[in-house]
Amino acid sequence: MTGLESRADMIVCQGVKKWFGDFQALRGIDMTVEEREVVVVLGPSGSGKSTLIRCINRLEVHQEGRIFVDGIELTNDLRNIEKIRSEVGMVFQQFNLFPHLTIMDNITLAPIWVRKKPRAEAEALAMELLERVGIPEQVDKYPGQLSGGQQQRVAIARALAMEPRVMLFDEPTSALDPEMIKEVLDVMKELARTGMTMIVVTHEMGFAREVADRIIFMESGEIVEEGTPEHFFTNPTEDRTKLFLSQIL
Amino acid sequence: MDEKREQLDWVAAAEVEGEKPPEVPPHGPVVWARENLFSSVGSGILTVAGLIVALGFFKGMLGYIFGADRKWDAVATNLRLYFTQAYPEDQYVRVWVAVGVAMALAGLSAAIWRANGRITGYKLGGGSFGLAGGLLTLLLLSPFSWRARLIYLLVALVFIGIGQYLRSVRPKLEVPALGVIVGTLAVLVGSLWVVPYGKHTFVDGQVQPPRPGTVAMTTKLPWTVMLLVMIVAYFVGKAVRDKVSPGLAKGLLSAGWMLLLPIDYFVILRDPALDYGQVFRVDVPIFLAFAVAGSAILWWLSSPHRGEIGRVVAGAMVIGAGVFWLAAAFGLSVRQIVRIDLVMLAVVALAAPTFAGEKAIRRKFIIGWVVILALVNYLAMMVNTPSTVDVPGSFPLGGFSLTLLVASATLMMSFPIGLILALGRTSKMPIFRLLSTTYIEVIRGVPLITILIFFKIILNLFLPDGMVLGNEMAAILGYSLFSAAYLAENVRGGLQSIRKGQYEAAAALGMSTPQTTSFIVLPQALRAVVPPLVSGVIATFKETSLLFIIGLFDFLRIGYVVVGGQTAFVGSQRENLLFVAFIYWIITFSISRSSVQLEKKLGLGER
Ligand SMILES: Nc1ncnc2c1ncn2[C@@H]1O[C@H](COP(=O)(O)OP(=O)(O)OP(=O)(O)O)[C@@H](O)[C@H]1O
Ligand SMILES: [Mg+2]
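Residues numbered from 1 in each chain as written. Chains lettered and ligands numbered in written order. Predicted model: local features only at pLDDT ≥ 70, side-chain atom pairs only at ≥ 80, totals over all residues. Heavy atoms only, no water.

**Here's the deal with the packing of aromatic side chains**
Residue and element names in this part refer to chain B.
- Tallying each qualifying case throughout the model produces 26 aromatic pairs over all chains.
- Plain terms: the ring middles of Phe83 and Phe555 are 6.1 Å apart, the flat faces sit at 45° to each other, and that makes the pair tilted. Taken together, the residues Phe83 in helix H5 (residues 79-84) and Phe555 in helix H23 (residues 555-563) connect sequence positions 472 residues apart.
- For Phe555, a relative accessible area of 0% puts it in the buried group.
- With a centroid separation of 6.3 Å and 75° between ring planes, the pair formed by Tyr87 and Tyr92 is classed as edge-to-face. For the pair Tyr87 and Tyr92, one class covers both residues: buried.
- Chaining the aromatic ring pairs together yields one cluster made of Tyr82, Phe83, Phe400, Phe541, Phe555, Phe579 and Tyr584.
- When the ring centre of Tyr92 is taken as reference, the NZ or CZ atom of Arg80 above it lies at 3.7 Å.
- One residue, Arg149, lies across the ring of Trp146, its end atom 4.7 Å from the ring centre. (Phe/Tyr/Trp six-rings, centres within 6.5 Å; stacked < 30°, edge-to-face > 60°. Helix = DSSP H or I, 4+ residues; strand = E, 2+ residues; numbered from the N terminus. Buried < 20%, exposed > 50% of the residue type's maximum accessible area, 1.4 Å probe, protein only. Lys NZ or Arg CZ within 6 Å of the ring centre and 35° of its normal.)

Here it is as structure tokens:
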């Protein structure tokens, strides 16, 4: 990216700290994600990557520091939370589709009841999104009848149907068989090209190198190093980053 | 990976081929017996021993049932008493109208829900063989006259012929299951017109000696009409189902089923004596006032940007409605229907923000309010008007219809209460959790019969002056509160089976807790607990026989005490008990069979 035009800050974290009981999972995270930016979060298991992005839509509650999404601060005010959640889409490792609803109902449920969209409009949008993720023919099936890759693409469509301003991905391909990973990554690449703001936790280095505007490396609840993919993969400065890269590359 | 692909392809190919299994030449019964019953010496001995025990048992059973000195006349003569106790003869058409409404709903439902199951010729043939087998057992083991045996033998041979034809010539034939069911019913009803079951009647309280011939006109005519009502309703449903929106049709029918019980009982069977002057002076104006003022308030509350002030107003209304009820408890009474309407309006007002938004949605919301208001006011009016049906005692029904009424009312009331308790016990709010847990643990620690007696004796002391609950109503109330506790525990099991990811996915989409509960959690939780829920339904139905102990004239008491005590049928208690047990069994067995179907159907979508 050129980085010349000034862009609004989409997500701002200031000194975010989070404990599970006595265990500190986040030790003061400062991070800013701009509009249309794609940030990939890397780090070893247990470093707090999931915890961080789950704090951003308040699936986890941080105890110290401040988080702003599109200028609105996350507080205990319930209406703020519901507002932010409908602006922030999330894709889980385990898909978490609703097994008792058809693909169509999975996608249209929240637009109809949360966004109060007329049903016809919501269904038209759902079809459009299913085209986009490449599985319009599955619309009347149930999640259990789809392959893992197809389910994850439905999950992406379901999140997009809320017309979010930010998308969070928590290891979206980790539960998939190798031959299905590509189809999901392709959808995410396309999404990045259209200018969606994205935070992606993943172990797919190819994806990080190709798509990320910026890479954040976490360990033990801290951001150890961040920079462009080029900087990160060719001459990382921190020893811990080098160690991590040597283990996975 | 290529290898894996290939393997997969191979598996897939095998599956495609598997659709047409090679034609196995049909096994004869000899092959089947050799493979299943006499595969070794040991199993042969066991088979023979088992057969002897079964034969002895059935012979004893059937010898008893068809023995010459059995008093089955006691049952045949008293069928009316059994089913409706003393419902007056001259108003009996009301009973048939009540049944007819249910029949019409059943026919319509079959059409609207497209009951299109099919049965193969092979299966039908099996059923036919089964019937023949039953008849043969009957004629071999029962003490029948030779003439009767000959007739049974002929009928059995006909069934064997049909079975053989279906199995060997038309095994792939497909007939609609609905057709088979209606056909069977038609044969049964038709047999009332031709088979000489005999006439058994009371005239002025005196038992008449049974007369030969078919059953009385007052039995065969109404049942024929009932069957026709169902068939006609089916075709009506079929004709309109493509012209109305399926959602609307299903919604209306579901509402119809929910209303069946109160309408049948309070409106049709009780025949309330409406005072039309009072209706037009009081009831209609109250309804109109609430319809108009309520709609205006709700329209205002559901405007998209009402915000904080809307919640305050709705909250104030809840408190206001509560105050009226409290005041009533201290004697300052506002008309009961006004208080009920106020509570409803307050509750609906709380839900208003959920329906805020487009004009079309708001309009539906208002229409919903007026419809519900009309229904509740109508039913309340009917409930509060005295019955004109002239029966001994305070309750128009007894026998099987009382049993059915108590069981269905209990199920309908305990279901919502149980749901709320289950949600309360799993909720994050400590107050709700404590209340629900205490309630469930207290109720489950007390025997049902204690609760029934307690409600019968104590309840009327707690009620406001002038309000009296009959014993039957007290029983329904106590029984509902009891069943609700068990139902809550079953549902809780389902709630706990929902994975955390489901809640997180719903939350991440911005859904509120009530939305998550009603669209995501409950539908899945209830599916998961269908088997225990059905056991609960069966238990509830059977345990209505405890009404006997608190002195109500339920099915069991009619059979054991009333019919068994008639001078004409002294000593017929065993026959009556057997009959009662048989009817209970038929009903519970059908419930459990249909639940198997339901499970299959629900399993489809999940997998
Ligand atoms: N609900 C919880 N209760 C207690 N500890 C938790 C909880 N969730 C996470 N943790 C702990 O917090 C730390 C960070 O967890 P997190 O899931 O964020 O790691 P991660 O970087 O996403 O790891 P992975 O790559 O394995 O997903 C871990 O040590 C984990 O054990
Ligand atoms: Mg993680």
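After that view, the rundown keeps rolling.
**Considerations on the environment of Phe92(A)**
- Relative to the helices and strands, Phe92(A) resides in the loop between strand E6 (88-91) and helix H3 (103-113).
- On the basis of relative accessibility, which here comes to 6%, the residue Phe92(A) falls in the buried class.
- Separated by 38 residues in sequence, Phe92(A) and Leu130(A) have C-alpha atoms that sit 18 Å apart.
- Apart from residues no more than four positions distant in its own chain, Phe92(A) is found in contact with Arg54(A), Leu59(A), Gln152(A), Asp170(A), Pro172(A), Glu504(B), Ala505(B) and Ala508(B). (Contact = heavy atoms within 4.5 Å.)

**Comments concerning the domain arrangement of chain B**
- Domains assigned within chain B are domain 1 (275-385) and domain 2 (396-607).
- Taking only C-alpha atoms into account, the centre of domain 1 of chain B sits 29 Å from that of domain 2 of chain B. (Domains from an automatic or database assignment.)

**Concerning the interface of chain B and chain A**
- Each partner contributes to the interface: chain B provides 30 residues, whereas chain A provides 28 residues.
- Of the roughly 2600 Å² buried between chain B and chain A, counting both surfaces, carbon and sulfur atoms make up 59%.
- When the buried surface of chain B facing chain A is broken down by residue, Ala508(B), Leu509(B) and Phe519(B) rank first, second and third, together holding 22% of it.
- Run the count over chain B and chain A and you get one salt bridge.
- Notably, a salt bridge pairs Glu504(B) with Arg54(A), separated by 2.6 Å at the nearest N-O pair.
- At the boundary of chain B with chain A, the tally comes to six residue pairs in polar contact (both at pLDDT 80 or more).
- A per-class count over the side of chain B that touches chain A returns twelve nonpolar, eight polar and ten charged. (Buried area = accessible area lost by both parts, 1.4 Å probe. Salt bridge = Lys/Arg side-chain N within 4 Å of Asp/Glu carboxyl O. Polar contact = N/O pair within 3.5 Å; in protein donor to acceptor, adjacent residues only side chain to side chain. Nonpolar A, V, L, I, M, F, W, Y, C, P; charged D, E, K, R; others polar.)

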